[in-house]
Amino acid sequence: MASPVTWERRGRVSVITVNNPPVNALAQPVREGMLRCFNESMADPAVEAIVLTGGGRTFMAGADINEFGKPMREPGLGKVIDGYESSEKPTIAAVHGTPLGGGLEVAMGCQARVAHPKTRLGLPEVKLGLLPGAGGTQRLPRLVGVERALEMITSGDPIPAPLALELGLVDEIAEGDHVAAAIAYAERVLDGQATAGATRARDEKVQGVDEAIFDKAKEKLARVARGREGPLRCVEAVRGSVTLPFDEGITNERRLFVECHDSEESPALIHAFFSERAANKIDDVPKTTPTRPIKSAAVIGAGTMGGGIAMNFANVGIPVRIMDTDRASLARGLGVVRGNYQRAVDRGRMPQAALDARMELIQGVSDMDALAEADIVIEAVFEDMPVKQKVFTALDKVMREGAILATNTSTLDIDAIAATTRRPEEVIGTHFFSPANVMRLLEIVRGSKTSAEVIASAMALARTIRKVGVLVGNCDGFVGNRMFHEYIRQAQFLVERGALPEQVDRAAYTFGWAMGPLAVSDLAGNDVGWYIRKRHIAEGLYKGGGYTGAVADALCEQGRYGQKVGKGWYLYEEGSRRGSPDPEVEEIILRVSREQKVNRRTFDDEEVLARLHGALVNEGSRILEEGFAQRASDIDVIYVNGYGYPAWRGGPMYHAERQGLASIASSIAEFRKDEPALWPESPLLERLAREGGSFKDAN
Ligand code: 3H9
């Protein structure tokens, strides 16, 4: 097989090019090829300098993530980098695209770096539960200083080329072609011109560092990382750049890298990375399906959701009209949007000019005719079928041919909405998660008639507005909320039978969830769940028992709708989002338990988690076998990006496999004995548990 790395001589300079599409990952054949081309260039007396570059869309975007978890195949990346760094012939990296992770480590190993102006450089390993393991934690601090290196390595966020130049991470920004610029740079080095230098990063000194910076960084990270070790190990590795000679720093980095690699969080985060990419693939909607350009958008409803959805469009330069028939609501909604941007400006995250530009793109209108020419319209009105159907009947009359008609419903039947139009193939669900301008998930719901082109266009739109789109089927609550419904039912059950809200939430939070289930209800509004429970009762969902909403109903009857009114499952002080336990809630709980003639008992945290997670996995498995999710990993993507499930645990389905499906199925079977209506059977889960199978086999 042809090597993915080639070299050619251009005058005195050897240009070594890596071609391993799509992102030039540093797989074993690449490492071998880089070493071979280097050795051949060194052996050629006509070569006086070496330029290393990547073909296609980017310089190397890192190690090949598929290789982790398998035995390392020689040559290791460190060995390759050592060659380029210690070379007697100057080595220059010509970078473009996204030199990330091992890719940036290679570039830092070269003796100078010339960058295309649009390059973004970074060490994102921490996002995969790893740390830069090919010298990055030792070379970056030497090039940009310890403080900046710590920030880049512990956040994993890339920096743009102009900043990299300012910090000394790159030596020059190319004006034209970056490879030609790197060759010219090499020529200047060879000619000894003062404007160009080629030095070894390892020889730079890190000086004047107050070591307290490391403990402070760890303290800060421990609060956010909550149980994760990877970010803390990153700090320890960078500390080595100050306290140890270079080679010992490298040994220390390697030891910490291996610890990360062998941890539980790294494979889980790698699963999350690949799952996100897999979600893009849809069996019956091939990549070649045409997509419709979306150059203008419209949103119906100027509430919190509508405003948040509109911001997504404005953020990427797409003009958007928000419609609300009530002028006061419209003005209030636009005010909230402006307020959100203003907060970003006040915190220094956005310049004032960007606020102005984005507000310019958002136009409030009170007449549906004003939306007619939009490429997509997203309805975000009250979650009520007749209300939504009325909107769609009107949209069908007004919207131009070829427009996509989307609903932001979080639970309702897309087909029943589409049926009110003469174009059900153009109707799709785009379920945003609150706050819609922040949460990354976009559940894309296909109706029975939605066309492949509309599905492909909605998936493409998700990427354009920087969301993670996951295609799901049309069932009550779709994937995320259908599972969440079971999870909340368990949380309510626990409270009704003996636990207190703070115990349930603490167990979930300690596991790593962003918030416990009852705190989430307070945030979303307890009235929302109440409304849905009433609908479910009317639809006969609890005819066979299994209703656990009595305490939640009692809270709502007393107006305890959650954060927005200052009280719900918890009590909220004016302006605070952090609730504290309220003795009044405890009284309500005890009263309801008495009324239900429940003998309250204690639950340990292990059982709390077994019930919460058992409910999620059981329902996830049912969704999978009913075909409403394409694959188990899609469910993980939904939970990590839309529900605050800890990414470093991979997702509920991944975590379940890790725990063992047999043990989960057996706990569920135990729970089912006492509460059959709460634990509907999942034949798939039971079969996989019996046969030792994996959800992957069921995709
Ligand atoms: C590392 O470097 C460790 C070292 O420090 C130490 C070593 C000793 N490997 O995201 P996209 C695939 S850790 C394998 O859709 P985009 C991806 O799965 C690594 N495959 O494109 C997808 O495949 P498919 C540090 C990779 O343009 C395809 O490429 N580096 C890798 O939106 C396109 O990806 C990172 O963590 C990889 N490293 O974004 C960078 N990267 O088409 C991770 C991508 O079959 N990568 N693929 O679904 C990224 O952040 C983005 O992919 C990137 C491109 C920004 C590069």
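Residues numbered from 1 in each chain as written. Predicted model: local features only at pLDDT ≥ 70, side-chain atom pairs only at ≥ 80, totals over all residues. Heavy atoms only, no water.

S.K.: Sorry if this is basic, but what is going on with the site of the ligand here?
M.R.: Lining the immediate surroundings of the ligand are 26 residues, of which Arg57, Glu105, Glu125, Arg277 and Lys281 lie closest. A distance of 2.9 Å separates a nitrogen atom of the ligand from a polar atom in the backbone of alanine 61. Measuring from an oxygen atom of the ligand, one finds a backbone N or O atom of glycine 102 at 2.8 Å. Protein burial of the ligand: of its 1,000 Å² of free accessible surface, 74% is covered by the chains. At the level of elements, α3 (102–109) and α11 (265–278) are the ones that each hand at least two residues to the shell around the ligand. A per-element tally of the shell around the ligand places α11 first, with three residues. (Near = heavy atom within 4 Å. Polar contact = N/O pair within 3.5 Å; in protein donor to acceptor, adjacent residues only side chain to side chain. Areas by Shrake-Rupley, 256 points an atom, 1.4 Å probe, with all protein chains shown as cover. Helix = DSSP H or I, 4+ residues; strand = E, 2+ residues; numbered from the N terminus.)

S.K.: I keep staring at the pattern of salt bridges and nothing clicks. Help me out?
M.R.: Pairing between side chains of opposite charge can happen when their charged atoms approach one another. The tally for this structure, following the rule as stated, stands at 49 salt bridges. Two residues, glutamate 40 and arginine 36, come together in a salt bridge whose shortest N-O distance is 3.6 Å. One end of the pair is glutamate 40 and the other is arginine 36, both in helix α1 (residues 28–43) and four residues apart, which spans about a single turn. Between glutamate 265 and arginine 228 there is a salt bridge, with its nearest N and O atoms 3.1 Å apart. You can see glutamate 265 sitting in helix α11 and its partner arginine 228 sitting in the loop between α8 (212–225) and α9 (230–243), a full 37 residues away along the chain. (Salt bridge = Lys/Arg side-chain N within 4 Å of Asp/Glu carboxyl O.)

S.K.: Is there a simple way to explain the packing of aromatic side chains in this structure?
M.R.: In this description, a pair of aromatic rings is defined by centroid distance and the angle of the planes. Inspection of the entire model under this criterion finds 15 aromatic pairs. Taken together, a centroid distance of 5.3 Å and an interplanar angle of 65° make the contact between phenylalanine 382 and tyrosine 531 edge-to-face. Highlighted residues: phenylalanine 382 in the loop between β12 (376–379) and α15 (385–398) and tyrosine 531 in helix α21 (residues 526–538), separated in sequence by 149 residues. On the basis of relative accessibility, which here comes to 52%, the residue phenylalanine 382 falls in the exposed class. We classify tyrosine 531 as partly exposed; its relative accessible area is 34%. Considering the side-chain rings of phenylalanine 511 and tyrosine 645, the 5.8 Å spacing of their centres and the 65° angle between planes classify their relative orientation as edge-to-face. Of the two residues, phenylalanine 511 sits in helix α19 (residues 501–511) while tyrosine 645 sits in the loop between α25 (632–642) and α26 (652–659), which places them 134 residues apart along the sequence. For the pair shown, phenylalanine 511 and tyrosine 645 are each scored as buried. Within the aromatic cluster, the residues linked to one another by ring pairs are Phe433, Phe484, Tyr487, Phe511, Trp513, Tyr639, Tyr643 and Tyr645. A cation over an aromatic ring shows up here: lysine 534 above the ring of tryptophan 530, its NZ or CZ 3.7 Å from the ring centre. (Phe/Tyr/Trp six-rings, centres within 6.5 Å; stacked < 30°, edge-to-face > 60°. Buried < 20%, exposed > 50% of the residue type's maximum accessible area, 1.4 Å probe, protein only. Lys NZ or Arg CZ within 6 Å of the ring centre and 35° of its normal.)

S.K.: Is there a simple way to think about the pairing of strand β3 (residues 49–54) in this case?
M.R.: Each regular strand shows side chains that alternate between the opposite faces of the sheet. Within β3, six of the six residues are buried, which leaves it mostly tucked inside the rest of the structure. Where strand β2 (residues 13–18) and β3 come together, six bridges link them in parallel fashion. Paired with valine 18 across the two strands is glycine 54, which belongs to β3. The handedness of the β2 to β3 crossover, carried by α1, is right-handed. Pairing analysis gives four bridges linking β3 to strand β4 (residues 91–95), with the strands arranged parallel. Bridge assignment links threonine 53 to a residue of β4, and that residue is alanine 94. (Pairing = 2+ DSSP bridges. Right-handed = clockwise from strand over helix to strand, strands pointing away.)

S.K.: Any chance you could explain the domain arrangement of the chain here in plain terms?
M.R.: By convention, interface size is frequently given as the accessible area that disappears when the constituent parts associate. Assigned domains within the chain: domain 1 (5–261), domain 2 (297–472) and domain 3 (480–698). In this structure, domain 1 and domain 3 have C-alpha centres spaced 45 Å apart. (Domains from an automatic or database assignment.)

S.K.: What's the story with the nonpolar core in this structure? I'm lost.
M.R.: Across soluble globular proteins, nonpolar side chains show a tendency to be buried alongside one another. Counting 88 residues, the largest nonpolar core has Leu371, Val504, Trp513, Tyr639 and Phe695 as its most contacted members. When residues are assigned to domains, this core turns out to be shared by domain 2 (297–472) and domain 3 (480–698), each giving three or more. When neighbours within four sequence positions are excluded, phenylalanine 695 is seen to be in contact with Val617, Ser621, Leu624, Ala632, Met653, Glu657, Leu661, Leu684, Leu685 and Leu688. The next biggest cluster of nonpolar side chains, apart from the first, holds 62 residues, and it includes Leu35, Ile50, Leu130 and Leu143. (Core = buried A, V, L, I, M, F, W, Y, C linked by side-chain atoms within 4.5 Å. Contact = heavy atoms within 4.5 Å.)

S.K.: Mind showing me how you'd approach the side chain of histidine 96 here?
M.R.: Relative to the assigned elements, histidine 96 resides in the loop between β4 and α3. A relative accessible area of 9% places histidine 96 in the buried class. Within the structure, histidine 96 has its side chain in polar contact with the backbone nitrogen of threonine 58 (distance 3.2 Å).

S.K.: What is the right way to read the packing of helix α5 (residues 146–155) against α9 from this model?
M.R.: Where α5 contacts α9, the two axes come as close as 10 Å, and the packing angle between them is 155°. One way to sum up the angle between α5 and α9 is to call them roughly antiparallel. Once α5 is placed against α9, the crossing between them reads as right-handed. Listed contacts from α9 to Val146, Leu150, Ile153 and Thr154 of α5 are Pro231, Cys234, Val235, Val238, Ser241 and Val242. (Axes fitted to C-alpha atoms, helices over the stretch in contact; angles between N-to-C directions. Parallel < 35°, antiparallel > 145°, perpendicular 65-115°, else oblique. Left-handed = near helix turned anticlockwise from the far one by under 90°.)

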